[in-house]
Amino acid sequence: MKVKEMRNVISHFRAEEFIYIYMTQPIIVQPCTHITHHFFNTDPNTARHIIVQKDAQVTIFEYTLRGTAQASTTITLAEPGAEAHIASVFLGSSDAVFNLNHTIIHDAPHTISNIQTRGLLLDRAKTNYKGLIHINKTAPYAQGYQKIDTLVASEQAYIDQTPVLEIHNDNVKCSHGATIGHFDPEHLFYLMSRGMNEHTAKQTLAKGFLLAAIHNTCPALIIKTIDEALTTV
Amino acid sequence: MPKKTQITIDRSTFDSANKDQSKYKAKPGLSKEVVLEISRQKNEPEWMLERRLKALELYHNTPLPSWGPSLKDLNLDNIIYFVRPNTEEAKSWDDVPTDIRTTFEKLGIPEAEQKSLSGVGAQYDSDVIYHKLKKEWAAKGVIFENMDVAVQKYPDTVKKYFMTSCVPINDHKFVMLHAAVWSGGTFIYVPPGVKVDIPLQAYFRMNAELGGQFEHTLIIADRNSEVHYIEGCSAPRFDAKSLHAGCVELFVHEGSRMRYSSIENWSKNIYNLNTKRALVDKNGIVEWVNGNMGSGTTMLYPCSILRGENARSESLGIAFAGPGQHQDTGSKVIHAAPDTSSVIRSKSISAGGGVSSYRGLVRATPQAKHSKSSVTCDALLLDDASTSNTYPYMKIANSDMDVAHEARVGKIGDEEIFYLMSRGLSQEEATKLVVSGFIAPVIKQLPLEYAVELNRLIELEMEGAVG
């Protein structure tokens, strides 16, 4: 399925500010095309594959906000100059279980990838996350960056995260980082000393933490969903 | 055609074998008869034989691991699991047979012992052939013994600690194998409050073709003691594939500190499938310093279990994967108590088509409140025929822990090489200088004074100043 013909094969679930896409086959992003996808992981099992051609750019915003979700996103940077950027947010509450995978394969020279994932775990939520940047021998001058940050806000929550690099070419730049932490007591103290109670202070910090990953560009519906989920912080 | 870099480590000292004059050599392959014969020749107590046989049964019922480097060329039925050199354990180098003594002299062991060690053990194939502890440390109650002898001399202590709580015999397939056929190795006990301020060293040398080595190292640092142990190893180069499946168990009791330095330099026909683990009690500190330069395939992940409050683990490692080598190494830490901390720093170099993988784990239980962990991995690829992989696993089950991991992979910049060459260095000299700078933070911690293998790394450093 080629992006320029996408409108003909999309299932319209809701027609608001953006379009819901139900993917049954790979999306091929044609040369010099820039697209932005917003994906909602609500199904127990979702897999998506995107192939990016010459000088095309894909930006993906991914939201995993409730229930049980398993989502796998694979992007192949197939031709020179292809770029992929993933900004992913997960918010687990209650007994949510998320299995998330991001895979980016660099298969051509001068390709760029960037994966930024942030998550907040409340209650008894569990998340398994694996991010993979794979750079083939055919991809000199590739650049790959990956960062995952998880805030664990409950004693019963559990995070299993693995950012993986597989590099088969020496003429590349590639790095990754991963952090797991909790609410900084100094930040909480700062907000509470300005009159917020602890609950509101945590909500404020959590919201700022998550929205930083998606650069405040997500739809209003997402902000509303995050606000609802944060009431249990 | 991928371009390969010529940086390698000179192995001429290690690669030649002595003539095989072993007094006993088991038939190839692993069977109950081999295990019974090992135990009979060592005159072991019944409990040790039972443990061996139980491990053998587990080994036969366990498949090979399905992850990591390929083990398809390792023919476990071809390995000789017990080879005894034609000599007994000596307390003086003069009593060691000439050919064996010459081997260890070339490796620098007697010289190092004289200058800068408090005790030395030397193992040749399956037996310890030299062992000596300086009198001043023996007088303070330090025990530094051949593991086979320790089973006889200190049965209660060995029975309590040997493959019970640290590395149990059912841990994984190659631990099961080790538990069935282990031979030789080191037993160290440091009494409460004793600080052994000069290192103890053991050196393990394989000689027989197809002979495997399965030494067991058990070190117990009692309360508030300190000890530094250095391990070196090598083997001659043969065509047939052989195996090293040793085991190291460290018990770092309350308030004690232990540094374990290891320079592994097996020949490229060796599969190095070693297991190392430390149990660290309250206020204890364990430091791992690892240099992996040899073997064809390595799977080695030293593990610290921080089970006491305020326990600490530091791990510093370097791996060099040259042509035909696959180094799959890393570090594991399990935080199982509050206020524990761990630091892992790993550097790897891949050249000439080598594959270097960092595989590590940071795990935290709900009890590990106020704990911290930091992991840093840097990988240098010296040519486009080589590969670098990073697999850092983080499994955290509490809300009051800080974990950070970062990794960078890249090559030596063209600008850096140009800068150095414009100052008169050749390209090879420039590359070696940059590489030595890359590994310098680890090299500074390694026991350069008395491990000849490390001197090879100095060849990577330029002599004289750069103007």
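Residues numbered from 1 in each chain as written. Chains lettered and ligands numbered in written order. Predicted model: local features only at pLDDT ≥ 70, side-chain atom pairs only at ≥ 80, totals over all residues. Heavy atoms only, no water.

Caption draft 1: Focus on the overall build of chain A. Of regular secondary structure, chain A possesses 3 helices and 12 strands. Burial statistics for chain A: of 233 residues in total, 51% are counted as buried. Taking the intrachain contacts of chain A between residues at least 6 apart in sequence as the baseline, contacts between residues at least 24 apart amount to 75%. Counting every atom, chain A has about 10100 Å² of accessible surface; 51% of that belongs to carbon and sulfur. (Helix = DSSP H or I, 4+ residues; strand = E, 2+ residues; numbered from the N terminus. Buried < 20%, exposed > 50% of the residue type's maximum accessible area, 1.4 Å probe, protein only. Contact = heavy atoms within 4.5 Å. Areas by Shrake-Rupley, 256 points an atom, 1.4 Å probe, with all protein chains shown as cover.)

Caption draft 2: Up close: the overall build of chain B. Scanning chain B from N- to C-terminus turns up 11 helices and 25 strands. Across the 467 residues in chain B, those meeting the buried criterion constitute 62%. In chain B, the share of contacts with a sequence separation of at least 24, taken over all contacts with a separation of at least 6, comes to 84%. Carbon together with sulfur atoms contributes 48% to the accessible area of chain B, which is approximately 17600 Å² in total.

Caption draft 3: Quick look at helix H8 (residues 173-181) of chain B. Residue and element names in this part refer to chain B. Burial analysis of H8 places 9 of its 9 residues in the buried class, the great majority of the element. Taken together, the buried positions of H8 are Lys173, Phe174, Val175, Met176, Leu177, His178, Ala179, Ala180 and Val181. Considering only its buried residues, H8 is in contact with helix H1 (32-42), helix H2 (46-60), strand E8 (216-221), strand E10 (242-244), strand E11 (247-252) and strand E14 (275-280).

Caption draft 4: Layout of the environment of A:Val164. Residue and element names in this part refer to chain A. For valine 164, the position within the fold is in strand E11 (residues 158-167). When its relative accessible area of 1% is taken as the criterion, valine 164 is described as buried. Separated by 13 residues in the primary sequence, valine 164 and glycine 177 place their C-alpha atoms 10.0 Å from one another.

Caption draft 5: Structural detail: the pattern of salt bridges. Counted by the stated rule, this structure contains 26 salt bridges over all chains. For A:Asp149, the salt bridge goes to A:Arg118, with nearest N and O atoms at 3.7 Å. Of this pair, A:Asp149 sits in strand E10 (residues 143-152) while A:Arg118 is found in strand E8 (residues 112-121), placing the two residues 31 residues apart along the sequence. Given a relative accessible area of 6%, A:Asp149 falls into the buried group. According to the relative accessible area criterion, A:Arg118 is partly exposed, its value standing at 23%. Of the charged contacts in the structure, one is a salt bridge between B:Arg359 and B:Asp328, with a shortest N-O distance of 2.8 Å. Linking B:Arg359 in strand E22 (residues 355-364) with B:Asp328 in strand E19 (residues 326-329), this pair joins segments that are 31 residues apart in sequence. On the accessibility criterion, B:Asp328 (1% relative accessible area) is buried. When salt bridges with common partners are traced through the structure, they connect A:Arg118, A:Lys147 and A:Asp149 into a single cluster. (Salt bridge = Lys/Arg side-chain N within 4 Å of Asp/Glu carboxyl O.)

Caption draft 6: Looking closely at the packing of aromatic side chains. Residues and elements named next belong to chain B. Counted according to the given criterion, the structure contains 10 aromatic pairs over all chains. Note on tyrosine 229 and tyrosine 260: the rings are 5.2 Å apart at their centroids and 40 degrees apart in plane angle, and the pair reads as tilted. With tyrosine 229 in strand E9 (residues 226-234) and tyrosine 260 in strand E12 (residues 257-265), this residue pair connects regions lying 31 residues apart in the sequence. Note on accessibility: tyrosine 229 and tyrosine 260 belong to one class, buried. Three or more aromatic residues joined by ring pairs form one cluster here, namely Tyr229, Tyr260 and Trp288. (Phe/Tyr/Trp six-rings, centres within 6.5 Å; stacked < 30°, edge-to-face > 60°.)

Caption draft 7: Up close: the side chain of B:Ser39. All names here are of chain B. Structurally, serine 39 is set in helix H1. Residue classification places serine 39 among the buried residues on the basis of a relative accessible area of 4%. Setting aside its immediate chain neighbours within four residues, serine 39 contacts Glu44, Leu49 and Arg52.

Caption draft 8: Region of the structure containing the packing of helix H9 (residues 414-421) of chain B against helix H10 (residues 427-443) of chain B. All names here are of chain B. Across the interface, H9 lies against H10 with an axial gap of 9 Å and an inter-helix angle of 120 degrees. When the interaxial angle is binned, H9 and H10 end up oblique. Both H9 and H10 take part in a crossing whose hand is right-handed. Two secondary-structure elements touch here, H9 through Ile417, Leu420 and Met421 and H10 through Gln427, Ala430, Thr431, Leu433 and Val434. Split into classes, the residues belonging to the contact of H9 with H10 amount to 6 nonpolar, 2 polar and no charged. (Axes fitted to C-alpha atoms, helices over the stretch in contact; angles between N-to-C directions. Parallel < 35°, antiparallel > 145°, perpendicular 65-115°, else oblique. Left-handed = near helix turned anticlockwise from the far one by under 90°. Nonpolar A, V, L, I, M, F, W, Y, C, P; charged D, E, K, R; others polar.)

Caption draft 9: Geometry of the nonpolar core. Membership of the largest hydrophobic core comes to 86 residues, with the highest contact counts inside it found for A:Ile50, A:Ile75, B:Tyr229 and B:Leu250. Excluding residues within four positions of it along the chain, A:Ile75 makes contact with A:Ile50, A:Val52, A:Ile60, A:Ala84, A:Ile86, A:Thr103, A:Ile104 and A:Ile105. (Core = buried A, V, L, I, M, F, W, Y, C linked by side-chain atoms within 4.5 Å.)

Caption draft 10: Highlighting empty space enclosed by the protein. All names here are of chain B. The final tally for this structure, using the stated rule, is 5 cavities of 30 Å³ or more. By volume, the largest cavity is sized at about 150 Å³. Counting only elements with at least two residues in the lining of the largest cavity, the list comes to strand E15 (285-292), strand E18 (312-321), strand E21 (341-350) and E22. Ranked by the residues each element gives to the lining of the largest cavity, the list is headed by E21, at 5 residues. Looking at the lining of the largest cavity residue by residue, the classes come out as 6 nonpolar, 11 polar and 2 charged. (1 Å grid on protein atoms, 1.4 Å probe; cavity = no way out; pocket = protein on both sides within 12 Å on 5 of 7 lines; lining within 4 Å. Points joined across faces, edges and corners; volume = space filled by probe spheres on them.)

Caption draft 11: Inspection of unusual backbone geometry at higher detail. For A:Ser94, which is not a glycine, the phi torsion comes out positive at approximately 55 degrees. Residue classification places A:Ser94 among the partly exposed residues on the basis of a relative accessible area of 37%. In this model, B:Asn283 sits at a positive phi of 60 degrees, which is unusual for a non-glycine residue. Relative to the assigned elements, B:Asn283 resides in the loop between E14 and E15.

Caption draft 12: Main features of H2(B). Residues and elements named next belong to chain B. Compared with an ideal rise of 1.5 Å per residue, which puts 15 residues at 21 Å, H2 spans 21 Å between its outermost C-alpha atoms and is within 8% of the ideal. Every buried residue of H2 is accounted for by Trp47, Met48, Leu49, Arg51, Arg52, Ala55, Leu56 and Tyr59. Those residues of H2 hidden inside the fold are in contact with H1, helix H6 (147-153), helix H7 (155-161) and H8. (Expected span 1.5 Å × (residues − 1).)

Caption draft 13: View of the environment of A:His37. Among the secondary structure elements, A:His37 is positioned in strand E2 (residues 34-40). Along the backbone, A:His37 and A:Ile86 are 49 residues apart, and their C-alpha atoms lie at a distance of 9.5 Å.

Caption draft 14: Main features of the interface of chain B and chain A. With 32 residues of chain B at the contact, the number on the chain A side is 31 residues. Overall, the association of chain B and chain A removes approximately 2500 Å² of surface from exposure, summing both partners, and the carbon and sulfur fraction of that is 48%. If you look at where chain B meets chain A, you find 2 salt bridges. For the side of chain B that touches chain A, the secondary-structure elements that each account for two or more residues are strand E24 (387-396) and strand E25 (401-410) of chain B. (Buried area = accessible area lost by both parts, 1.4 Å probe.)

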